[in-house]
Each structure stands twice: as structure tokens, then as C-alpha cells.
Amino acid sequence: MVCRSPFGRRRRRRRRPPGSANAFSVKAMAPRLQLEKAAWRWAETVRPEEVSQEHIETAYRIWLEPCIRGVCRRNCRGNPNCLVGIGEHVWLGEIDENSFHNIDDPNCERRKKNSFVGLTNLGATCYVNTFLQVWFLNLELRQALYLCPSTCSDYTMGDGVRGGKDYEPQTICEHLQYLFALLQNSNRRYIDPSGFVKALGLDTGQQQDAQEFSKLFMSLLEDTLSKQKNPDVRNIVQQQFCGEYAYVTVCNQCGRESKLLSKFYELELNIQGHKQLTDCISEFLKEEKLEGDNRYFCENCQSKQNATRKIRLLSLPCTLNLQLMRFVFDRQTGHKKKLNAYIGFSESLDMEPYVEHKGGSFVYELSAVLIHRGVSAYSGHYIAHVKDPQSGEWYKFNDEDIEKMEGKKLQLGIEEDLAFLQELVDRDNLKFEEWCVEMAEMRRQSVDKGKAKHEEVKELYQRLPAGAEPYEFVSLEWLQKWLDESTPTKPIDNHACLCSHAKLHPDKIPIMKRISEYAADIFYSRYGGGPRLTVKALCKDCVVERCRVLRLKNQLNEDYKTVNNLLKAAMKGDDGFWVGKSSLRSWRQLALEQLDEQDGEAEQSNGKINGTPFNKDESKEEKKEEEDELNFNEDILCPHGGLSISENERRLVSQEAWNKLRQYFPKAPEFPSYKECCSQCKILEREGEENEALHKMIANEQKTSLPNLFQDKNRPCLSNWPEDTDCLYIVSHFFLDEWRKFVRKPTRSTPVSSIGNAALLCPHGGLMFTFPSLTKEDSKLCQPLERREGGWPTAAHNNIALIWPSEWQMIQKLFVVDKVIKITRIAVGDAGPSEVQYISEPKLCPDCREGLLCQQQRDLREYTQATIYVHKVVDNKKVMKDSAPELNVSSSETEEDKEETKPDGEKDPDFNQSNGGTKRQKTSQQGYVAYQKQVIRRSTRHRKVRGEKALLVSANQTLKELKIQIMHAFSVAPFDQNLSIDGKILNDDCATLGTLGVIPESVILLKADEPIADYAAMDDVMQVCMPEEGFKGTGLLGH
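Since we're looking at a predicted model, the values are computed, not measured.

## What about the pattern of salt bridges?
Item 1. Counted under the stated rule, the structure contains 26 salt bridges.
Item 2. The salt bridge partner of Arg546 is Asp507, with a shortest N-O separation of 2.4 Å. Taken together, the residues span a long stretch of sequence, with Arg546 in helix H15 (residues 540-568) and Asp507 in the loop between strand E22 (492-493) and strand E23 (512-516) at a distance of 39 residues.
Item 3. For the salt bridge of Glu545 with Arg548, the shortest nitrogen-to-oxygen distance reads 2.8 Å. One end of the pair is Glu545 and the other is Arg548, both in helix H15 and three residues apart, which spans about a single turn.
Item 4. Classification of Arg548 as partly exposed rests on a relative accessible area of 25%.

Dropping the structure here:
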């Protein structure tokens, strides 16, 4: 059946509405803005009340010419009839069925004939995989493990493996048995060793030393098999891998030999300075002279004698493991490095020259080579080259991938008797076959769905264009998702395209497409959704409003001139309307913004289109900002919704001018000239004037009563107690700040009526300070306090204030005092005037003071985020701030921020009442005058100097972690860092900064040793920075 394309149909010519004769003289590929202007060009000549159905259809671009495939290269967003470039090209034409699914062929996971089985790398377990393959191809070890009794036999029944529950090996031997059985007879291309790795407790994300793993696992396996009754099983590790040598020491004086026998499972050979394997073996066995301080104590001679020491090989195992020591410790850099020197060796090795007892054959054939790829000792990848003992061919084992190297075809000839293990392997193979069938079925279903979708698209796409027949609108996004094979098609959701009248918003046309009613019926029947947007969904109200807005924007300039002329002209009579002066100055801009907002209102989504979420938080923020902005004439609106009482902020405009303005701001508040001001505001204004007068009177009275306290003159100082008084009073500096703020600006501040001294006391009502702490530079003890919930107060900045007795009498008259705090000086006995005692009321609370001190020390040691400074010492000399402060202070700092040196012996009492200036302070009252030393303003903010950097740290952070931060900041490796604080060397890398005494704002000195030559190897440095745990905590060490 051949379908005729709707693009070729003849369309009934319709009458064009007035003003739209040239509305669509645009090309099919016209830009979006050009189509937008063309759709609303008629609004220039048509008033809103004259809008007809023809104008509505023009605004919705119903009759735009559809685009043609091949001519239009991409979808035209402004043309609802353009159905090109929405994703249809994928479906039109022949399609390869493999494109309908993303499921790989399950047969790719099948083991090929006469090939080995790989092992999955679980992250960084290549070192485990390589040794498993090497041990698997040791036929004697494999056969002995198969003979080892297992609880697996309890898992199997007479008729085979139990159903339901999967087999879980319980011991290391069982795990190894099961892995070897799968490696031998599995149908899978690779198997998962996670059960074995988990049983050993290994960290799958951490690379480990392969040789160390081999040693520990062989020791564990030997210990496990030692409990077996079958000697072939019990002794398999010793028979295959264990040899014996002796450390022989010969006295040069008497010739006595001393032997120390030792077993070995591998020979660790030094490769430095050698080219051949035989040279490495010779060095391992070479004779060592014991002379000088290293002489040997001979039991026969009963004295230290020169001697020789060497290793003698007594017996060799069936499988000889030779470890080339490529990873060595570099004393210069302080970390391990890899030696990449070439070492030559042949496929056969004759060990007879190296063995003490010459009887028998000691020729070994090369069977496996373990290779570490990578230049670093802390990273890289392990692979193994292993010779198949059955065929003699070599294979490269690289986790899942196994590659035959060169030689004959692999023939898996010998088949061990796996007994009950074979049943487990058969069950795993059955699972694999079921998985293959399942994957194949999923591929088939995906292909069938794809073909059905292909037929649906080919049929419906030809019927999508509406032409002159009944039509509906659907979103472009939904059509694109319908044509997207990667996502399932969701129900149609048109809610986001609706206007406030529950119809299709005309400004949503760029994201909508007009389709035939036939296609829409099929879509809704198959996928559901709604609401359906038929011809009845064209919104006349929105088109009329848009027409009004466009016409207002066009006539805005003319109306602006008209309104300005009306404002300049003299008003006739007193009739008119009040308008805010600020609104009149900016009404044109406000009108333009309002019209633009209405014009582009639909650009913002009011919900979600076919699964696209709408950000409610952003909408709330925008709405809040809009509410904060004043609209036209709201600048003369009082808080109660009436006319503001401020006459200077408004002016009267004529009726004609107001009518013009109302066209643009129909919702603006309207205040005719006869409108009275807000009565509530008038009452508040009168009360405010009365309150201001009262506040001024109170402030003037208090200022007159306490002039020196207000101006901070003639203040007492505890470090130099005035002679003419025996007592002083204390108030918080917070009270003084608030009181002075009120006295300076009584009309803008609230009067201070009370003094809250209780905040300076402990929960028991006792004083927190001793007199010596008040007179010393002890800012952490003498600062005002903030009450902690359920405990002691905490220190805060600024200080307390000292009050003369005469001032205190006046304060008690002017303010309500909750707690009186007084310090009294009394003479002790008949001693001289210097022997005095100071008593506080209330008395000191020893428990709370001790608790405060402990809390302050604890706070300094328990910070979560604080700034410290690291100063790098240059040429063993620290550039001290004290020696040249003008060179150390940043150029961006102002003069008042620079620290000043205090005169010798100068105390810096935190409770001093000076304002930080450098004037001489008068400290007497009633004629007492004494010289008070200059008070230097001390900045508590740390000043960064050259060669210093700030770091964010926490108290529970270790010194090792701090060194890593310093490495990134200064490019100095941790082992080159020498850190100190206040003359104390910091060298315990495991200690926390809190225990080391590093507190916020501390300055740590960094002295760097000679840096490492190659900073490209910084990855190695990072590995060194982390503590090397090895196999600690794993099953290899009995955990």
C-alpha cells in the first residue's frame, strides 16, 4: 500500500484577516524571531477589542507552510508545522537490528575451545590473579588440593548438588579447590575470585607486593594442610617449594665451622650491578669477611676472631622460586623505588655448581615469570607469563585476558578426577548457560520492540502533518522522546504549555507542534496523557492581552512625551491625583519592564514538560525579589495601605496625565487629591516626635551625669591602683557600648535601662577572675563572658569597664543593676602601704574558675577548622616580624593595622578602659593625677609575612596529614620537612595537632632539606605519605 504524502495536498485558500496580507511572506527556514514578528504584525493596526478568530489563528501560526525534508536541515522552532529534524531520520529507511539493543552477545563471555579461564580484577587484585594462575598450572599442587577433604561433600547429595542455596566454601583450601575446579572446567571466559579475596580479608582497592603475598599465603596454606592425614596432601607445599640452606661461619684462627640451618621457599636475589641471573645467584652465595669491629666470637678460641661467612645450599625444592629484588629502599629520598635494570636468563638453569651435595640432577626448566609493569614501586600492574606443563606452550595471563604467545596449539589433555567438585562446576556452567539464554531472549525482545517501533514511526510520521484537516498540538519535546529509542515513551503532558485560562499559551508555540487529529488519537490511545489541545485550546484572552501589550509598547514613547508636557503645564483647579515623585521619574522604565515581563511571561515554564522538573526554589526566590521591588505609585503607600503622610515624596497630577499612566499601570494604587493621609501614620508620627524628645532629654541627662564615662576620660586602671579610693566597681563593656550608642544618637537607638552584670558571673553567682589575672596581659581570662548552656561562660572579645565610686552612685540612680561587682583594697596588718590585699564581691568561685581554665585549654585543643601559618625558613634564618615589621607587613594593610612594639615592661591589661589611642591618660579623681604609660593598640589578627602561607587544619588531624598539606603548598616532600613550633621539634607523624600543641593562629616553622630531584615522581611521594599497612589485619596474618 502506497501512502500519499500530505505535503502534496491542495489546501483550501482562506481569507486573510485585516492587516495580515503579508504576514507569511517568509521562507520555511525563517529564523525564530522573524516568525515571531510576522505572527503579531497585525497587532499594529488592530485594536484589542477588534481581535477575531483569523487573528488568533495567525498568532498561533496555524497556516505557516510546513517544511520539506531535504530542504529544511534542522527543525524550525518558530514553525509549529515544521516536523523535520525531530529525530525521524533514525527511523526512515532500513535499520540494522543490532541498533535496537545495547546487550552484548552473551557468547562473547563463553570460554573458547582449548583456552584457559581468566580471573576478574576486583580493583587492584592483579597480584592475586597472577599467582593463582601460576599455582593452578602447578599440576602437583593442584592434584594434591583436589585430594584434600572438604565440607563440600556435605553440600552435595547422592543425586547431585543441593538445589536452592549456592555453595559457599568455608576454608582457604576449599576456596582454592573451587577456584581451581572452575579454572579447569568452567564454560565462562573468566571467573570471579571475590570469595577467595574476601576470605583472606584483602583490600581490593589497594595494590600490594606480590612476593609478600606469595610468602604469606604459602605459609598459611602449609599451616592449613599440616592437619591433613594424607601425607601427599600434608607435605605438598614442602615438597614443591621448600629447600634448605645453611649459614656457615668459619673461624680463620682454628678453622671451626658454625652452621645455622634454615628452610627457604624462595631465594631473594640482589640485581644491582648485575646483568645475568647467574651473577645474582653467585653474589647471594658469595663469601663474606668478618673483620675489625665485625669480628666473630669463636667458641673454640673463646675470643673474637677474623672469620668468613657464606650461605651453602643443602637441598633444592621441585619448584625453585627466585625473587629479583627490584623494589629497594632509597636512603636519599626515604622511600622505595623500582630498579628497571635488565637481567638476562635462559629457559633452563643448572643449579649443580651452587649446591653443596653434588649427587642428582639440579637442572630446572623455566615455568613461569611474574612481571610488574610500571616505573613506580607504589603502583603498576602485575601480569604472568606461564608455561602450560601439558603442552609446553607459553601464555600471558592478564586478569580476564589470556593470550597465547608463540608455539603449538593448546591441547588440554590430562583431566584430573574432580569428584564432587565437578558437580559444583557443572552447576556453575548451568547457571552460565541460563544467563546466556536470558541475555539472548532480552536481545530478541529488544529487537522485536525496535522493529515494532520502526513500523509505528514509519506509519505515523507520514500522517503527522495536519494540513487543513482537524488538528491538535503536542509538545516538541514529547515527539522527540517518542522518536528516541534510548528512553521509554511517557504519557503526553501538556500542562506546562497552558496559560492561566487553561488553554494553550500563544508564547508556547515555539515548543509545540501541530499534528493531525488522526495521529493524536493514536498517540493518546497508546500512551495516554493530556490535556488534549484541539482548536478550542486557542486562547483568545491571551491573544487580546498580548495585542494590548504590543500596542502599548509601540505608543510608549509618544505617551512619555505627552505625560511630560502635561506635568510641565499648570494644573487647572485642585482636582487631580497624587503620584510619587520617584514613580514619576522612572515610570517609563517601569512601564517598559512591566510590558517586557508580560510579553515574555511564557518563556518561563510553569511546571514540567514530559518529565522535565521545575525548580520551585528558584521560582520562590524570584517571586520574593519581585515582591521586594516597589511597583508604580507604591512609593507613597504607607505600611497600612493608605496615603503616606510625607508630602515631599509626592505631587499632584492632572486627570488627563493620570489616565495615561493608568493605561500602563492599571493595578497601581489610586489617591485622588481629596484623599486624606493615613490616620494611623499620623498618630504614630505624633508619638514618634514625643518619644524622640523624651529620648533626647534622657540622653542629655545621662551625659551630664556621667561625662567622663561617656567620653572615656579619667578612667581607673587596676595595674596602677589610684591612691584616693579603696574600691572600684565593674560593669560589662557591652553595657557601655550600648549606652554610648544611645547617648550619641538618641533618636535612632533605644534607651538603656538596666545593667546585666549576671553575665559576668558563674552559674553559682561567683566571680570568675582573680585580681592578678585582671592586672596581667591575660586576654583569655580577662575577656567578658557569654553564658554556655549548662556550664561555664566562654571568652569573647572586648573587656569589662571599671567605675569610680561616685559614678557608681549615679549609675544606681539611672539604671537597674542586677548584680553588684566590686573590688576592694585593704591594708594587711601594720605593714607598709605596699602590703595590701584585694577582695572581690562576690567572692571568687574556685571550682568554676578551674573549670573555665580547663574549658579554655580544651577549646584550644578541640577545634574542627582553624587557620595556622607555616613559615618557610630561608637559609636557616627566619625573617622575623619584630626585626623589620615594615618589610613584613603586606602592602595592602593600613597603618592602623600594623603591630607596634610595646615599651619594655609595659603591661597590656585587657581591662584597661583606654580607647586604644596613644594619649596620656588621667587616672585621678578629686585631684589625684598620675602618669599612665602609653597604651599601644594590639591587633589580634595574624599578619602574614613573606614566605608564609595559611592552612586550614583541625585538632584531630595528624602531623602526617599536615605534612601532605605543606607539600602541596610549598612543594616540599614530607620526608624533607623539618617542622617546629615555639622551639619544639614536631617529629611524631602519628600524633594529632591538638596533642602537639598546635592551636589556632599558630605559626609553624618549616626548614626544608634538599628537595628530591624528580618532582614528576610526586605520585610516589603521595604513596609514601600514607602509612604502609601491608597485609596487616588480613587473613594472611591470622586475623
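## Overview of the packing of aromatic side chains
The description of an aromatic ring pair uses the distance of the two centres, along with the angle that the planes make with each other.
Item 1. Applying the stated criterion to the full structure yields 25 aromatic pairs.
Item 2. The interplanar angle of 55 degrees and the centroid separation of 5.8 Å between the aromatic rings of Trp587 and Tyr664 together place this pair among those described as tilted. Here Tyr664 lies in helix H18 (residues 655-664) and Trp587 lies in helix H16 (residues 581-599), a separation of 77 residues in the sequence. In this structure, Trp587 and Tyr664 share a single accessibility class: buried.
Item 3. Here Arg514 stacks its cationic end above the ring of Trp63, 5.5 Å away from the centre of that ring.
Item 4. Over the face of the ring belonging to Phe970 we find Lys949, whose NZ or CZ atom lies 5.2 Å from the ring centre.

## Comments concerning H15
Item 1. Compared with the 42 Å implied by 1.5 Å per residue over 29 residues, the 40 Å span of H15 between its first and last C-alpha is a close match.
Item 2. Bending of H15 peaks at approximately 50 degrees at the position of Leu556.
Item 3. Of all the residues in H15, the buried ones are Cys542, Val543, Arg546, Cys547, Val549, Leu550, Leu552, Leu556, Asp559, Val563 and Leu567.

## Here's the deal with the pairing of strand E6 (residues 257-264)
Item 1. Inspection of the sheet shows strand E5 (residues 243-251) paired to E6 by eight bridges, in the antiparallel sense. Bridged to Tyr247 within E6 is Leu260.
Item 2. Hairpin geometry of E5 and E6 is characterised by an intervening segment of five residues between the two adjacent antiparallel strands and by a positive phi of about 80 degrees at Gly255.

## A look at a negative patch on the surface
Item 1. A grouping of Glu685, Glu687, Glu689, Glu690 and Glu692 is seen on the molecular surface, where their side chains present a negatively charged patch.
Item 2. Position of Glu692 relative to the elements: it lies in helix H19 (residues 679-705).

## Quick word on the sheet that holds E6
Item 1. Taking strand neighbours across the sheet as the criterion, the four strands line up as E6-E5-E11-E8 in an open arrangement whose pairing is antiparallel. Here the strands that pair on one side only, and so sit at the sheet edges, are E6 and strand E8 (288-290). Neighbour to neighbour, the strand axes of the sheet diverge by 25 degrees on average, direction disregarded.
Item 2. With eight bridges joining them, E5 and strand E11 (residues 307-315) adopt antiparallel strand pairing. When the bridges of E11 are listed, Glu244 appears paired with Ser315.

## Thoughts on the sheet that holds strand E36 (residues 948-953)
Item 1. In space, the five strands of this open sheet follow the order E36-E35-E39-E37-E38, with mixed pairing throughout. Of all the strands in the sheet, just E36 and strand E38 (984-986) have a single pairing partner and so form its edges. Across the sheet, the mean angle separating the axes of adjacent strands is 35 degrees when strand polarity is ignored.
Item 2. Relative to strand E39 (residues 1003-1008), strand E35 (residues 866-872) is paired through four bridges, and the arrangement is parallel. By the bridge assignment, Tyr869 is partnered in E39 with Val1003.

## Re unusual backbone geometry
Item 1. Put simply, Gly530 and Pro531 share a cis peptide bond, and its omega is -10 degrees.
Item 2. You can see Pro531 is positioned in the loop between strand E24 (529-530) and H15.
Item 3. Residues Glu841 and Pro842 are joined by a peptide bond in cis, for which omega reads 0 degrees.
Item 4. Even without glycine at this site, Gln302 takes up a positive phi of about 60 degrees.
Item 5. Tracing the backbone shows Gln302 in the loop between strand E9 (296-298) and strand E10 (303-305).
Item 6. The class of Gln302 is exposed, set by a relative accessible area of 55%.

## Quick word on the environment of Val457
Item 1. Along the polypeptide, Val457 turns up in helix H12 (residues 420-463).
Item 2. On the accessibility criterion, Val457 (0% relative accessible area) is buried.
Item 3. Between the C-alpha atoms of Val457 and Leu483, which are 26 residues apart in sequence, the distance is 7.6 Å.

## Observations concerning the environment of Glu649
Item 1. Following the sequence through the fold, Glu649 ends up in the loop between helix H17 (616-628) and strand E26 (650-653).
Item 2. According to the relative accessible area criterion, Glu649 is partly exposed, its value standing at 42%.
Item 3. A sequence separation of 14 residues divides Glu649 from Asp635, and the C-alpha atoms of the two residues are 8.0 Å apart.
Item 4. When near neighbours in sequence (up to four residues on either side) are disregarded, Glu649 contacts Gly580, Lys581, Asp635 and Ile636.

## Concerning helix H11 (residues 277-285)
Item 1. Residues of H11 that are buried include every one of Leu277, Cys280, Ile281 and Leu285, and no others. Summarising the axial view, the buried residues of H11 lie within an arc of 130 degrees, below the 170-degree limit, and thus occupy one face.
Item 2. On the buried face of H11, the contacting elements are strand E7 (267-270), E11, strand E12 (322-325) and strand E15 (348-350).

## Some points on the packing of H19 against helix H21 (residues 733-744)
Item 1. Between H19 and H21, the least distance of the axes is 8 Å, while the angle of their chain directions is 120 degrees. Relative to H21, H19 is oriented oblique. Between H19 and H21 the crossing geometry is left-handed. For the pair H19 and H21, the contacting residues are His695, Ile698, Ala699, Gln702 and Lys703 in the first and Trp739, Phe742 and Val743 in the second.
Item 2. Looking at the contact of H19 with H21, its residues break down into five nonpolar, two polar and one charged.

## A short note on the environment of Phe180
Item 1. Within the element layout of this structure, Phe180 appears in helix H6 (residues 172-185).
Item 2. Each C-alpha atom of the pair Phe180 and Tyr146 lies 8.7 Å from the other, and the pair is 34 residues apart in sequence.
Item 3. When near neighbours in sequence (up to four residues on either side) are disregarded, Phe180 contacts Leu132, Trp135, Phe136, Arg142, Leu145 and Tyr146.

## Some details on the nonpolar core
Item 1. Among the nonpolar cores identified, the biggest contains 52 residues, and Trp135, Phe196, Leu200, Phe213, Phe217, Leu221 and Leu225 are the most heavily contacted of them.
Item 2. Elements with a minimum of two residues in this core: helix H3 (126-136), helix H4 (139-146), H6, helix H7 (194-200), helix H8 (210-225), helix H10 (236-241), strand E18 (381-387) and strand E19 (394-398).
Item 3. For Leu200, the contacting residues outside a window of four places in its chain are Ile172, Phe213, Phe217, Leu220, Thr1034, Gly1035 and Leu1036.
Item 4. Grouped together as the second largest cluster of nonpolar side chains are 28 residues, Val46, Ile62, Ala466 and Leu533 included.

## As for the side chain of Arg61
Item 1. Following the sequence through the fold, Arg61 ends up in the loop between helix H2 (53-59) and strand E1 (118-119).
Item 2. We classify Arg61 as buried; its relative accessible area is 1%.
Item 3. Discounting residues that sit within four places of it in the chain, Arg61 has contacts with Leu35, Glu36, Ala39, Gly78, Pro80, Asn81, Ile509 and Pro510.

## A few points about the confidence of the model for the protein chain
Item 1. Mean pLDDT over the protein chain stands at 75; residues scoring 70 or higher make up 75%.
Item 2. Considering only residues more than four positions removed or in separate chains, one finds that residues 1-30, a stretch of pLDDT under 50, has 37 contacts.
Item 3. Scored below 50 in pLDDT, residues 408-415 makes 22 contacts in the model with residues more than four places away or belonging to other chains.

## A word on the pairing of E18
Item 1. Across the seven residues that make up E18, a large majority, five, are buried.
Item 2. In this sheet, E18 lies alongside strand E17 (residues 368-373) in antiparallel orientation, the contact comprising six bridges. Bridge pairing in E18 links Val369 to His385.
Item 3. With four bridges connecting them, E18 and E19 associate as antiparallel partners. Across the sheet, the residue bridging to Ala384 is Phe397, located in E19.
Item 4. Two successive antiparallel strands, E18 and E19, enclose a turn made up of six residues, where Gly392 displays a positive phi of approximately 80 degrees.

What counts and how
Residues numbered from 1 in each chain as written. Predicted model: local features only at pLDDT ≥ 70, side-chain atom pairs only at ≥ 80, totals over all residues. Heavy atoms only, no water. Salt bridge = Lys/Arg side-chain N within 4 Å of Asp/Glu carboxyl O. Helix = DSSP H or I, 4+ residues; strand = E, 2+ residues; numbered from the N terminus. Buried < 20%, exposed > 50% of the residue type's maximum accessible area, 1.4 Å probe, protein only. Phe/Tyr/Trp six-rings, centres within 6.5 Å; stacked < 30°, edge-to-face > 60°. Lys NZ or Arg CZ within 6 Å of the ring centre and 35° of its normal. Expected span 1.5 Å × (residues − 1). Bend = angle between axes of the 7 residues up to and from the residue. Pairing = 2+ DSSP bridges. Patch = residues over 30% accessible without salt bridge, like charges linked within 9 Å, V, L, I, M, F, W, Y side chains within 5 Å. Areas by Shrake-Rupley, 256 points an atom, 1.4 Å probe, with all protein chains shown as cover. Lys, Arg positive; Asp, Glu negative; His and termini not counted. Charge placed at Lys NZ, Arg CZ, Asp CG, Glu CD. Axes fitted to C-alpha atoms, helices over the stretch in contact; angles between N-to-C directions. Contact = heavy atoms within 4.5 Å. Arc of directions from axis to C-beta. Parallel < 35°, antiparallel > 145°, perpendicular 65-115°, else oblique. Left-handed = near helix turned anticlockwise from the far one by under 90°. Nonpolar A, V, L, I, M, F, W, Y, C, P; charged D, E, K, R; others polar. Core = buried A, V, L, I, M, F, W, Y, C linked by side-chain atoms within 4.5 Å. pLDDT = per-residue confidence, 0-100.

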